[in-house]
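Residues per chain are reported as follows:
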Amino acid sequence: MTLTGIKQAPGRLANWGKAVPGRFVHAIRHFKLSRFILYIFMIAAVLFMALPLIYVIMTAFKPMNELFIFPPRFFVQNPTTRNFGDLVTALGSSVVPFTRYIFNSVVVAVAVVVLTVLVCSLGAYGLSKHKPKGSNILFILVIAALTFSPHVTTIPRYLVINYMGLINSYFALILPNIAVAYNFFLMKQFIDQFPNELIEAARIDGAGELFIYWRILMPSIKPAWSTLVMLSFVSTWNDYFSPLIYTSSQTMKTLPLALQTIAGSSTSIGRMGAVAAATFLMTVPTIVIFLIMQRRVMETMVYSGIKG
């Protein structure tokens, strides 16, 4: 370095020291502005996606004159709960009360959720960690089952249910929905990631297979079966097709089938308020289940690589 450069160096360092804070502050402001714009965009997107749900809630509490007003109003002006009373009246009768439909839906949904978690997790545990003979072929069959539409197996399933004499029973609505190929695949992919060393250590300590499954494995894969609980409940609670095929008795109808009867009847125009209230009642349980399982579902997305 020349003598001139040495003499000018302190001045340059001083100018650089003065410029750094300014650049740093500018970067922070730019960062905050970018995050602020991102948050505004995300909030707007969430509100836009929530518009159908908000409209369902508003419509459930609209009086009859607001249901048929033109142009339609998004928000309710004079909220009322009369629609829920009309729903009970429309679905109630001296033979089958409205509570019977709710009871059927709850029983079927809870039974399917509990049994599908147990059956799919036990089957996936045995196939993943014990690897019996032909396990690869069985897993290939499960993958192949994912390629078929559920409607393709409707007739064979009905023939099996009818041959077993289960028509017009809870078993007809529960048994076909327990061992679902996707649910089994989801559980097996999670159990494959569980360390075999922990299972071997538990066996050396004298733990049985059921103890390992229930006390060691299931708590470790809670995100997987929590997601399975949500998916099974939503699909079963909203299932309209199965009760239509497997039941003909009025006492075995579930809530979606009963509500579809109202919406498709000749007097459905006069019962628009009841239909709106029914849509609200059908939507609320699924939202509650998702809010309860939300954190676990997000963990499942992280493990599966779906979340970016």
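All values reported here derive from a predicted model rather than from experimental measurement.

So, how was this worked out
Residues numbered from 1 in each chain as written. Predicted model: local features only at pLDDT ≥ 70, side-chain atom pairs only at ≥ 80, totals over all residues. Heavy atoms only, no water. Helix = DSSP H or I, 4+ residues; strand = E, 2+ residues; numbered from the N terminus. Buried < 20%, exposed > 50% of the residue type's maximum accessible area, 1.4 Å probe, protein only. Axes fitted to C-alpha atoms, helices over the stretch in contact; angles between N-to-C directions. Parallel < 35°, antiparallel > 145°, perpendicular 65-115°, else oblique. Left-handed = near helix turned anticlockwise from the far one by under 90°. Contact = heavy atoms within 4.5 Å. Nonpolar A, V, L, I, M, F, W, Y, C, P; charged D, E, K, R; others polar.

**Things to note about the side chain of Lys 188**
Within the element layout of this structure, Lys 188 appears in helix α8 (residues 181–192). For Lys 188, a relative accessible area of 10% corresponds to the buried category.

**Topic: the packing of α8 against helix α11 (residues 222–237)**
Contact geometry for α8 and α11: axes closest at 9 Å, N-to-C directions at 170°. Judged by the angle between their axes, α8 and α11 are roughly antiparallel. Judged by the twist between their axes, the crossing of α8 over α11 is right-handed. Of α11, the residues touching α8 (which contributes Tyr 182, Asn 183, Leu 186, Met 187 and Phe 190) are Pro 223, Ala 224, Trp 225, Thr 227, Leu 228, Leu 231 and Ser 232. Of the residues assigned to the contact of α8 with α11, the class counts are nine nonpolar, three polar and no charged.

**Remarks on the packing of helix α4 (residues 98–130) against α11**
It is at 9 Å that the axes of α4 and α11 come closest, and there the two elements cross at 145°. Our pair here, α4 against α11, has a crossing hand that is right-handed. Together, Ser 105, Val 106, Val 108, Ala 109, Val 112, Val 113, Thr 116, Val 117 and Cys 120 of α4 and Trp 225, Leu 228, Val 229, Ser 232, Phe 233, Thr 236 and Trp 237 of α11 make up the contact between the two elements. Of the residues contributing to the contact of α4 with α11, the split by class is 12 nonpolar, four polar and no charged.

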